[in-house]
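Chains, contacts and geometry: an overview
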Amino acid sequence: MTSNYLNIESVTPGDEKKVRQTMKFRTGKFVWRVKFNTPLNPKTVNNVNLFVTDSKQQPLSTLIRYNTEDNVIEVEPAEPYAVNESYYLNITTKVQSKGGQRLKKPIQVQFKL
């Protein structure tokens, strides 16, 4: 990535060009914004289907918000991320469109502050 605010360590193969950052400053409370090209079933937008884990695969407490106008999900940590710790943003195939379509494959982004 061109910015050095967030180090993207790995992305699910084939999705590398879809992950970009527009951070203006460093923050331990980095909020992921995940944009979809179709309206989602709000019942499938939750901490079970979208979650962040640490390097030991332990889930972090996060706040999940879904903006229905822009089809954007925000994933915000309840506690700040630790510096130099690897984390994983996970989006499962259980996230569905309003029409019931699922993602073709799960998406995982490994990152570090």
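See above for the structure.
An account of the accompanying structure is given in this report. (Residues numbered from 1 in each chain as written. Predicted model: local features only at pLDDT ≥ 70, side-chain atom pairs only at ≥ 80, totals over all residues. Heavy atoms only, no water.)

Some thoughts on the pattern of salt bridges
Here is the rule: Within this document, salt bridges are pairs made up of a side-chain nitrogen of Lys or Arg and a carboxyl oxygen of Asp or Glu, the two lying within 4 Å of each other. Each helix is a run of H or I in the DSSP string that is no shorter than four residues. Each strand is a run of E no shorter than two, and both are numbered from the N terminus. Type-normalised accessible area, obtained with a 1.4 Å probe on protein chains alone, sets the label of each residue: buried when under 20%, exposed when over 50%, and partly exposed for intermediate values.
One pass over the full model with this rule turns up 3 salt bridges. Across the pair R65 and E74 runs a salt bridge whose closest N-O atoms are separated by 3.0 Å. The closest approach of N and O atoms between R65 and E76, which form a salt bridge, is 2.9 Å. Taken together, the residues span a long stretch of sequence, with R65 in strand 4 (residues 62-67) and E76 in strand 5 (residues 72-77) at a distance of 11 residues. Here R65 falls in the partly exposed class, since its relative accessible area comes to 36%.

A word on the sheet that holds strand 2 (residues 32-35)
Going by this rule: When DSSP locates at least two bridges between a pair of strands, those strands are taken to pair. Note on definitions: angles span 0 to 180 degrees between N-to-C directions of axes, and those axes are lines fitted to C-alpha atoms, for helices only across the stretch in contact.
Taken in spatial order, the 3 strands line up as 2-5-4 in an open sheet, and their pairing is antiparallel. Looking at which strands have only one partner, the edges of the open sheet turn out to be strand 2 and strand 4. The sheet shows a mean angle of 20° between the axes of neighbouring strands, taken without regard to direction. In the sheet, strand 2 pairs with strand 5 via 4 bridges, with the strands oriented antiparallel. The partner of R33 across the bridge, within strand 5, is E74.

With respect to the environment of D70
In plain terms, the rule: Contacts between residues were defined by any pair of non-hydrogen atoms, one from each residue, lying within 4.5 Å.
Structurally, D70 can be placed in the loop between strand 4 and strand 5. With a relative accessible area of 37%, D70 lands in the partly exposed category. Taking the C-alpha atoms as reference points, D70 and N37, separated by 33 residues in sequence, lie 8.9 Å from one another. Ignoring anything within four residues of it in the chain, the contact list for D70 reads K35 and F36.

Focus: the nonpolar core
Generally speaking, nonpolar side chains in soluble globular proteins are found buried as a group. Rules: The nonpolar core is taken to be a set of buried Ala, Val, Leu, Ile, Met, Phe, Trp, Tyr and Cys residues, with the residues joined through side-chain atoms within 4.5 Å.
Counting residues in hydrophobic clusters, the biggest one holds 20 residues, and the most contacted among them are W32, I73, Y81 and L89. At the level of elements, strand 2, strand 3 (50-54), strand 5, strand 6 (86-91) and strand 7 (107-112) are the ones that each hand at least two residues to this core. Top element by residues in this core is strand 6. It accounts for 3 residues.

So, unusual backbone geometry
Unusually for a residue other than glycine, N71 sits at a positive phi of about 55°. Looking at the secondary structure, you find N71 in the loop between strand 4 and strand 5. Classification of N71 as buried rests on a relative accessible area of 12%. Positive phi, close to 65°, is recorded for N84, a residue that is not glycine. Along the chain, N84 falls in the loop between strand 5 and strand 6.

Quick look at the pairing of strand 4
Pairing geometry for strand 4 and strand 5, over 6 bridges, is antiparallel. From the neighbouring strand, I64 faces strand 5, where its bridge partner is V75.

Concerning the pairing of strand 3
Of all 5 residues making up strand 3, 4 are buried, and the element is well covered by its neighbours. Judged from the 5 bridges that link them, strand 3 and strand 6 form a sheet pairing that is antiparallel. Paired with F51 across the strands is N90, a residue of strand 6.

These figures come from the coordinates and say nothing about function on their own.
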